[in-house]
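# Per-entry structural report
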Amino acid sequence: MQESHDHGRAPVDVSDHAHADRHADRHADRHADKHADKHADKHAGHSVAMFRRKFWVALALTVPTLVWGEMIPGVLGFTPPAVPGARWIPVLFGSAVFFFGGWVFLRGAASELSDRRPGMMTLISLAISVAFLFSVAVTFGLVGGMTLWWELASLVTIMLLGHWMEMRSINQAEGALKALAKLLPDLATRVQGEHLEDVAVAELREGDLVLVRPGTAVPADGQVADGRSEVNESLVTGESRPVLKEPGAAVIAGTVNGDGSLRVTVTRTGDRTALAGIMRLVSQAQSSKSRAQVLADRAAFYLTLVAVGAAILTAVVWVLVGAEPAFVVERVVTVLVIACPHALGLAVPLVIAISTTMGAQNGLLVRDRRGLEEARNLTTVVFDKTGTLTLGEHRVVAMRTAEGLSEDDALRLAAALEHDAEHPVARAIVQSAADRKLTVAASTDFTAIPGHGVQATVEGRALAGGGPNLLRRLGVEPDARFAEFVAASAARGDGIIHLVEGTRILAAFAVADAVRPESSEAIRNLHERGIEVAMLTGDAQAVADAVATSLGIDTVFAQVLPEQKVERIRALQAEGKRVAMVGDGINDAAALAASDCGIAVGAGTDVAVEAGDIVLVRSDPRDVPRIITLSAATYRKMVQNLWWAAGYNVVAIPLAAGVLMPWGVVLSPAIGAVLMSLSTVIVALNAQLLRRTRL
């Protein structure tokens, strides 16, 4: 958690996109390969470029098939140019389209059948194979009828176009991996004594000192050794404001330095960096299956069986009524094509890819899709206190000053007095003054008084600081105003330190684990959604109640040991509540795992955290309502796509079978392919609308 306390934000950053295209491709391709291995679906081993190339070649081959075929001349009433062997042009070019363009579908069908999971590729292969074999048989006089060369060529070309568009949509959604990979530079400037040398990032080792010039990207995770600058964390965390980095602050590989110069000690490189961890989580989440995906896969499988059955039934019925063989084959091919579960297969994965990308770009890293899916149903959110609702660091949370002394002046004097002290309370005062951007003077004659406090001269004034023991040592008695303040602070469990000049108390400071500035807004947003908020902490009841009261938390569980947190979560679930646990992922691991949705915060520099379904990069509790928004929007798009994909087939299959033939409505295989592709485009466009959701 140490790194996450730097200004309450986990340092993860954006980069100069002009850097390292080659490096980005290498990283992205490696993660894409892992994704393909885990998710060996219909597009495993395929690429946008492959479908694009096959489409344009198939289109060029289809044009002669149409010109010298039977449909275009008949419809447009023109005679194609007379060339030797013209009757063989549709045969040759149609066959070329089948083998060149259709081979990808035949291979996909073989893979599906070997896995005993027939699906979209199986239906497409059946359709084009039936059309091809029938046309060959007619061409060589083995059966009577009309060839389907132009229909076959058109069908394959349209299917290639549809798959090209689908692959483009998926790749755009999964482009988060390449965008993240582009954050890393190719070279780093390593400092060796007085010498600087440019080395490949891969050559960096832990302990190396690197120079990060203004405007350049940090090459590896590290800690600022010297310098002062601001960085931009917007691409990964969604935080648009630059974050100040000073000596001791953690920086992350990919961070773009601002106007200052930094010298950074490398702490993690390569696959151990936070950026690499984020890329792993994005890849894993995009390849994981939610309940909706399992449902869609099962529906696609059964739809394939229904389509094959419908095709067989169509053939039997039309043969019994005496239809021409070519017409029967056309109906069968059209049914097989139009029933392809293309849209159904795309309905959920594309939404998953887009929502995961949106989450990563907003600092919400999804480890388990099911956790995100559950978030929309939450009724209770349980927060750990320390490091989650609070900073996990002490600050001045309240103060009382003497008449005529402003709070800023009192804090400025106390910070100067305590600057050289090592006690945590002293550091809290110094940091609180820094948070207010107060100018603190240097002190002289500093002396620590063991067990009592410190004394020093500040701006010519002899000052002392400490707790009740210091007041007794100096013989100082607090007046009613200070006594009342001290009693109230002590009741909350706050630490008290006094600022004394001579025998006069100038100020009293209450020091405690400071509540995050964002916590109040987070609780308010959850309440507006009708969600109950609880707090779980091992702190004393008085301390917990004080934090809960200031934030408006509904239920408080105080003095709870780490092993007892799971019991509290399960007790809430036993009441029928859908519970999210929000914690730091360390001593809250068991509770995170037991909850319906485990949310780990403060993990921006350790995104490999194994606890929790979702990781909040920014340690910002306001991201919890954003998770619920993303969950609801994602589920809504999934349902819309599934209804469209299923409903389309209910109407399309009967039309393809020819039920409206008596009224003159007949769909050709090519029109069936257009309708099937159109349904896929609609699903893809609807999924893209998810990007308009405001988190």
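Residues numbered from 1 in each chain as written. Predicted model: local features only at pLDDT ≥ 70, side-chain atom pairs only at ≥ 80, totals over all residues. Heavy atoms only, no water.

Pairing in this open sheet of 7 strands is mixed, and the strands run β10-β22-β21-β20-β11-β18-β19 from one edge to the other. The outermost strands of the open sheet, each flanked by one partner alone, are β10 (364-366) and β19 (555-557). Shown here is a sheet whose adjacent strand axes are inclined to one another by a mean of 20°, direction ignored. (Pairing = 2+ DSSP bridges. Helix = DSSP H or I, 4+ residues; strand = E, 2+ residues; numbered from the N terminus. Axes fitted to C-alpha atoms, helices over the stretch in contact; angles between N-to-C directions.)

Once that is clear, we can look at the side chain of R516. Relative to the helices and strands, R516 resides in the loop between β17 (504-515) and α19 (519-528). Despite being buried, R516 has no salt bridge partner; E518 is the closest side chain of opposite charge, sitting 4.8 Å away. Separated by 3.1 Å, the side chain of R516 and the backbone oxygen of T388 make a polar contact. There is a polar contact of 3.2 Å between the side chain of R516 and the backbone oxygen of T390. (Buried < 20%, exposed > 50% of the residue type's maximum accessible area, 1.4 Å probe, protein only. Lys, Arg positive; Asp, Glu negative; His and termini not counted. Salt bridge = Lys/Arg side-chain N within 4 Å of Asp/Glu carboxyl O. Polar contact = N/O pair within 3.5 Å; in protein donor to acceptor, adjacent residues only side chain to side chain.)

A few words now on the confidence of the model for the protein. Counting all residues, the mean pLDDT for the protein is 80, and 81% of those residues have values of 70 or more. Across the protein, α19 holds the top mean pLDDT of 95, while helix α1 (residues 21-38) sits lowest at 38. This stretch, residues 1-41, has a pLDDT under 50; its non-local contacts, to residues over four places away or in other chains, come to 117 contacts. Residue range residues 603-608 is modelled with pLDDT below 50. Its contacts to residues more than four positions away, or to other chains, number 21 contacts. (pLDDT = per-residue confidence, 0-100. Contact = heavy atoms within 4.5 Å.)

This part covers the packing of aromatic side chains. What describes a pair of aromatic rings is the distance from one ring centre to the other and the angle between the planes of the rings. Enumeration over the complete set of coordinates arrives at 7 aromatic pairs. Ring plane angle 45° and centroid distance 6.0 Å describe the contact between W88 and F140, whose orientation is recorded as tilted. Within this pair, whereas W88 is found in the loop between α3 (71-76) and α4 (89-114), its partner F140 is found in the loop between α5 (120-139) and α6 (149-173), the two being separated by 52 residues in sequence. The class of W88 is partly exposed, set by a relative accessible area of 31%. Every member of this aromatic cluster is reached through a ring pair, and the members are F98, F99, F132 and W149. Its guanidinium or amino end placed over the ring of F327, R331 lies 5.2 Å from that ring's centre, counting from NZ or CZ. Over the aromatic face of F482 sits the side chain of R481, whose NZ or CZ is 5.8 Å from the ring centroid. (Phe/Tyr/Trp six-rings, centres within 6.5 Å; stacked < 30°, edge-to-face > 60°. Lys NZ or Arg CZ within 6 Å of the ring centre and 35° of its normal.)

A full pass over the atoms with the stated rule returns 19 salt bridges. A salt bridge links D221 to R268; the nearest nitrogen and oxygen atoms lie 3.4 Å apart. On the criterion of sequence distance, the pair formed by D221 in strand β4 (residues 221-227) and R268 in strand β9 (residues 262-268) is long-range, its members being 47 residues apart. D221 gets classed as buried once you look at its relative accessible area, which sits at 1%. On the basis of relative accessibility, which here comes to 16%, the residue R268 falls in the buried class. For R228, the salt bridge identified is with E246, shortest N-O distance 2.9 Å. Here the residue R228 occupies a position in the loop between β4 and β5 (229-233), and E246 occupies one in the loop between β6 (239-245) and β7 (250-251), the gap between them amounting to 18 residues.

Below, the discussion takes up the packing of helix α11 (residues 325-338) against helix α23 (residues 623-657). Where α11 contacts α23, the axes come no closer than 8 Å and their chain directions differ by 170°. Considering their axes alone, α11 and α23 lie roughly antiparallel with respect to each other. For the pair formed by α11 and α23, the contact residues are R331, T334, V335 and I338 on the first element and Y648, N649, A652, I653, A656 and A657 on the second. The residue inventory of the contact of α11 with α23, partitioned by class, reads 7 nonpolar, 2 polar and 1 charged. (Parallel < 35°, antiparallel > 145°, perpendicular 65-115°, else oblique. Nonpolar A, V, L, I, M, F, W, Y, C, P; charged D, E, K, R; others polar.)

The subject of this paragraph is helix α21 (residues 562-574). Within the span of α21, buried status applies to K565, V566, I569 and L572. For α21, the angular spread of the buried residues around the axis is 125°, confining them to a single face. Turned more than 90 degrees away from the buried face of α21 sit E563, E567, R570 and A574, all of them exposed. In the stretch just after α21, G576 is the one whose phi turns positive, near 90°. (Arc of directions from axis to C-beta.)

Here helix α15 (residues 407-418) crosses helix α16 (residues 424-435) at 130°, and the two axes come no closer than 8 Å. Accordingly, the angle class assigned to the pair α15 and α16 is oblique. Crossing of α15 against α16: the hand is left-handed. Between α15 and α16, the contacting residues are L411, A414, A415 and E418 on the first element and A426, I429, V430, S432 and A433 on the second. Grouping the amino acids of the contact of α15 with α16 by side-chain chemistry returns 7 nonpolar, 1 polar and 1 charged. (Left-handed = near helix turned anticlockwise from the far one by under 90°.)

Attention shifts here to unusual backbone geometry. Look at E459: it is not a glycine, yet its phi comes out positive at around 50°. You can see E459 is positioned in the loop between β14 (453-458) and β15 (461-466). On the accessibility criterion, E459 (45% relative accessible area) is partly exposed. Positive phi outside glycine occurs at Q559, with the angle close to 55°. With respect to the secondary-structure elements, Q559 resides in the loop between β19 and α21. On the basis of relative accessible area, Q559 is assigned to the exposed category, the value being 53%.

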